[in-house]
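Observations on the model geometry
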Amino acid sequence: MQTGLDHIILGINDLDRGIAWVEQLTGVRAAFGGVHPGRGTRNALLSLGPDCYLEIIAPDPQQTSPTWFSQILAMPEPRLMTWAVRASDLSALAQVASTAGFPIEGPHDGARTRPDGHVLSWKLFHLWDHRDGLLPFFIEWSRDSIHPAADAPAGCTIKKFHLQSPDGAELASACQSLAIAVTINPGKEPRLFARISGPNGEIELTS
């Protein structure tokens, strides 16, 4: 079973403002990705390499309040919210997580329609205890879906992604149990960090 960083999620309460903010810092403008029906959100995407991307997520004004990531309603400034790990066999990983004592929600099917009319579909599951956002959710893309990193606007690269935790040893043990490879640094509060290189230089995103 293979796993790897799939995408990082930057939350904000207005998608257009989030797109403009990222473009100003990186020099690349994220493209509108689509809406999440029933979840109350919409997104814009930016490739960070051949198999990783940045997702800017915000409320969809055409839907009711978000049912997932509801905290974005009170986020006038963008910040990292969570991250996703790609799994080659999501069902097997879900079983590993359950056996290791991690209560999970899912796996569930998900889908959204791209602006070009193509439908992207996936399966994912969440951990009930995500350690204050430090542990990711897990995703497996359907074989007939184009991975967003493949055709989202290019020009940026993720140089480093790491976690900060006041309890690094416990977090490292949890990551090992879940087949997650990630750097964990000590710190007083749990935080996510991502360093991205673009035409305008390097920037650091944080939670």
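Before any of the text, the structure's been laid out above.
Residues numbered from 1 in each chain as written. Predicted model: local features only at pLDDT ≥ 70, side-chain atom pairs only at ≥ 80, totals over all residues. Heavy atoms only, no water.

Turning to the sheet that holds strand β2 (residues 31-36), a few remarks are in order. Spatial strand order, β2-β3-β4-β1-β5-β8-β7-β6: eight strands in an open sheet with mixed pairing. Looking at strand neighbours, the two that pair on one side only are β2 and β6 (104-113), the edges of this open sheet. For this sheet, the mean angle separating the axes of adjacent strands, direction not counted, is 30 degrees. Sheet strands in contact with helix α2 (residues 90-99) are β1 (3-11), β5 (79-87), β6, β7 (119-127) and β8 (137-141), and its direction is about 10 degrees off that of β7. (Pairing = 2+ DSSP bridges. Helix = DSSP H or I, 4+ residues; strand = E, 2+ residues; numbered from the N terminus. Axes fitted to C-alpha atoms, helices over the stretch in contact; angles between N-to-C directions. Contact = heavy atoms within 4.5 Å.)

On to the layout of surface pockets, then. As a volume, the largest pocket reaches approximately 470 Å³. As for the largest pocket, its lining consists of 26 residues, of which W68, F69, T82, H126 and H130 are closest to the centre. Classifying every residue of the lining of the largest pocket by side-chain character gives twelve nonpolar, nine polar and five charged. Its boundaries defined by the atoms lining it, the second largest pocket holds a volume of some 290 Å³. (1 Å grid on protein atoms, 1.4 Å probe; cavity = no way out; pocket = protein on both sides within 12 Å on 5 of 7 lines; lining within 4 Å. Points joined across faces, edges and corners; volume = space filled by probe spheres on them. Nonpolar A, V, L, I, M, F, W, Y, C, P; charged D, E, K, R; others polar.)

Turning next to the pattern of salt bridges. Tallying each qualifying case throughout the model produces ten salt bridges. Between E170 and R131 there is a salt bridge, with its nearest N and O atoms 2.7 Å apart. In this pair, E170 sits in helix α4 (residues 168-177) while R131 sits in the loop between β7 and β8, placing the two residues 39 residues apart along the sequence. Notably, a salt bridge pairs E202 with R195, separated by 3.5 Å at the nearest N-O pair. (Salt bridge = Lys/Arg side-chain N within 4 Å of Asp/Glu carboxyl O.)

Regarding α2, the residues found buried are L90, L93, A94 and A97. Buried residues of α2, viewed axially, fall in a sector of 105 degrees; they line one side. The outward face of α2, more than 90 degrees from its buried face, is lined by the exposed residues Q95 and T99. One or two positions beyond α2, positive phi appears at G101, with a value near 95 degrees. (Buried < 20%, exposed > 50% of the residue type's maximum accessible area, 1.4 Å probe, protein only. Arc of directions from axis to C-beta.)

The quantities given are spatial measurements derived from coordinates; they are silent on function.
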